[in-house]
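Here is what each chain is made of, one letter per residue.
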Amino acid sequence: MERRSFVRSAGIAGVLAAGTAPAIVHAQANIRWRLASSFPKALDTIYGAADVFSKQVAAMTGGKFQISVHAGGELMPPFGVVDGVQNGTVEMAHTAPYYFFGKDETFALGCAIPFGLNSRQMTAWYYEGNGEKLMREFYAKYNIVNFPGGNTGAQMGGWYRKPVTSMADMKGLKMRIGGFAGKVLERLGGVPQNIPGGEIYQALEKGTIDAAEWVGPYDDQKLGFNKVAPHYAYPGWWEGGPQLDFFINQKAYDGLSAEYKAIVTAAAAYAHVDMQAKYDGRNPAALRSLVSGGTKLFRFPKDVMEAAFKESMALYSEISAKNPNWKKVYDDYSKFRSEQNLWFRFAEAGFDDFMQQQKL
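Residues numbered from 1 in each chain as written. Predicted model: local features only at pLDDT ≥ 70, side-chain atom pairs only at ≥ 80, totals over all residues. Heavy atoms only, no water.

Comments concerning the pattern of salt bridges
Formally: Whenever a carboxyl oxygen of Asp or Glu lies within 4 Å of a side-chain nitrogen of Lys or Arg, that contact is scored as a salt bridge. Labels follow the DSSP assignment, with helices taken as runs of H or I lasting at least four residues and strands as runs of E lasting at least two, numbered in each case from the N terminus. Throughout, exposure labels follow a simple rule: accessible area from a 1.4 Å probe, protein chains only, divided by the maximum for the residue type, with under 20% read as buried, over 50% as exposed, and the rest as partly exposed.
Evaluation of the coordinates by the stated rule reveals 14 salt bridges. Where E137 meets K328, a salt bridge forms, and the shortest distance between an N and an O atom there is 2.8 Å. Pair noted here: E137 is in helix α7 (residues 131–139) and K328 is in helix α14 (residues 324–346), with a separation of 191 residues, a long-range link. With a shortest N-O distance of 3.0 Å, D331 and K327 are connected by a salt bridge. With D331 and K327 both in helix α14, this residue pair falls four residues apart, about one helical turn. By relative accessible area, which is 36% here, D331 ends up partly exposed. Using a relative accessible area of 38% as the deciding quantity, one classes K327 as partly exposed. Members of the salt-bridge network, linked through shared partners, are D44, K222 and R282.

If you want it as structure tokens, here you go:
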């Protein structure tokens, strides 16, 4: 029997039962999206997560769903991507949500806040806790659907022309510091500067700023900060586990088939894990290289850490009193953080403390 005659006789249900579904059953529309990144191409880890995501989507759709990735400044300013997605100028963005705390402090909770969750805890809050539900409710106000898009892990504390030896050294310190953490720096007497990654070196070199933080050894070495500020601090108490996000325009996302939505979810999860693995894999060698090249490591003094913690907690209480968006998310976030710290104290911290004292 000819195939066309068989289809007419059996109908679609019969064809499916015979295992010979015609092409129209599995057909998916060809889609072309643009993704605006907040990061320069030179940072192959943090910018690269968007590229990893795009390639995964293309691979899982047989090339039918293509997402072109554009570096910060190519389509719009690095800090303009939320407006771009909200207004539908682009379908997607890849960014650090805390860059946009000026719109609403709640953005920072989707990325990192001082003395917040570490990377594993952040992932747990999002996938297993109420993180996804609460942040999606918030981002819906901006016509955005979010997906985790990577995590750097705990970051370093930045580069300084002179080491910080006490709280006195924080007074008047002009520092490039990402997003929300600048609010705490201000309370410590510092002067925060919100500068895109691609412009930090020039600001340090010209003396426009006294210090700058970015991510960690691998990225920092690429940007050459060690050449203009030799003192390298740790830990980055404002970024214990900063999560990057993929932001998708609500209308564009709603227009996807169920299959394509599942593919976007899977590709984002892949890129999320891939970024953390790359940072963990590449930071050790970069740190060794920096130190051998003259970089001087120093740990933040106890009085600085304690003052920063105290001011952070006070700040969160103040914001909760005036911002209902923040309060709704932070109440859940802080409860989750308390439970996680109880568990990690016995498991991860106990194991890590022993292992880091061994000669391996």
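Picking up after the structure, the text goes on.
As for the sheet that holds strand β11 (residues 296–299)
Note the threshold: Following DSSP output, two strands are said to pair if at least two bridges run between them.
Taken in spatial order, the six strands line up as β7-β6-β8-β5-β9-β11 in an open sheet, and their pairing is mixed. One side of each edge strand has no neighbouring strand; the edge strands of this open sheet are β7 (191–193) and β11. Across three bridges, the pairing between strand β5 (residues 158–160) and strand β9 (residues 231–234) is antiparallel. From the neighbouring strand, Y160 faces β9, where its bridge partner is H231.

Observations concerning the sheet that holds strand β1 (residues 31–37)
Let me state the cut-off plainly: In this description, a line fitted to the C-alpha atoms serves as the axis of each element, helices being fitted only across the stretch in contact, and the angle between N-to-C directions of two axes falls anywhere from 0 to 180 degrees. Residues count as neighbours in contact if any of their non-hydrogen atoms are within 4.5 Å of one another.
An order of β2-β1-β3-β10-β4 is seen for the five strands of this open sheet, with the pairing classed as mixed. Because the sheet does not close on itself, it has two edges, and the strands there are β2 (65–70) and β4 (144–151). Taken over all neighbouring pairs, the strand axes of this sheet differ in orientation by 25 degrees on average, direction set aside. Note that strand β3 (residues 92–95) and strand β10 (residues 243–249) share four bridges and pair antiparallel. Across the sheet, A93 pairs through a bridge with F247, a residue of β10. Here helix α6 (residues 119–127) sits on the sheet and contacts β4 and β10; the angle it forms with β4, its principal contact strand, is near 155 degrees. In the packing of helix α12 (residues 258–292) onto the sheet, contacts are made with β1, β2, β3, β4 and β10, and the angle to β4 comes to roughly 30 degrees.

Regarding the pairing of β4
Of all the eight residues making up β4, eight are buried; the element is thus mostly covered by neighbouring parts of the structure. The sheet contact formed by β4 and β10 spans six bridges and is antiparallel. Looking at the pairing, P148 lines up with D245 of β10.

Some remarks on the packing of α7 against α14
The description of two packed helices rests on the angle between their axes and on the distance between the axes. Under the convention used in this document: Relative orientations are named as follows: roughly parallel for angles under 35 degrees, roughly antiparallel for angles over 145 degrees, roughly perpendicular for angles from 65 to 115 degrees, and oblique for any other angle. Asp, Glu, Lys and Arg are counted as charged, while Ala, Val, Leu, Ile, Met, Phe, Trp, Tyr, Cys and Pro are counted as nonpolar; the rest, among them Gly, fall into the polar class.
Two elements in contact, α7 and α14, have axes separated by 10 Å at closest approach and are oriented at 170 degrees. As judged from the angle between their axes, α7 and α14 are roughly antiparallel. Contacts from L134, M135, E137 and F138 in α7 reach N325, K328, V329 and D332 in α14. Residue classes in the contact of α7 with α14 are distributed as four nonpolar, one polar and three charged.

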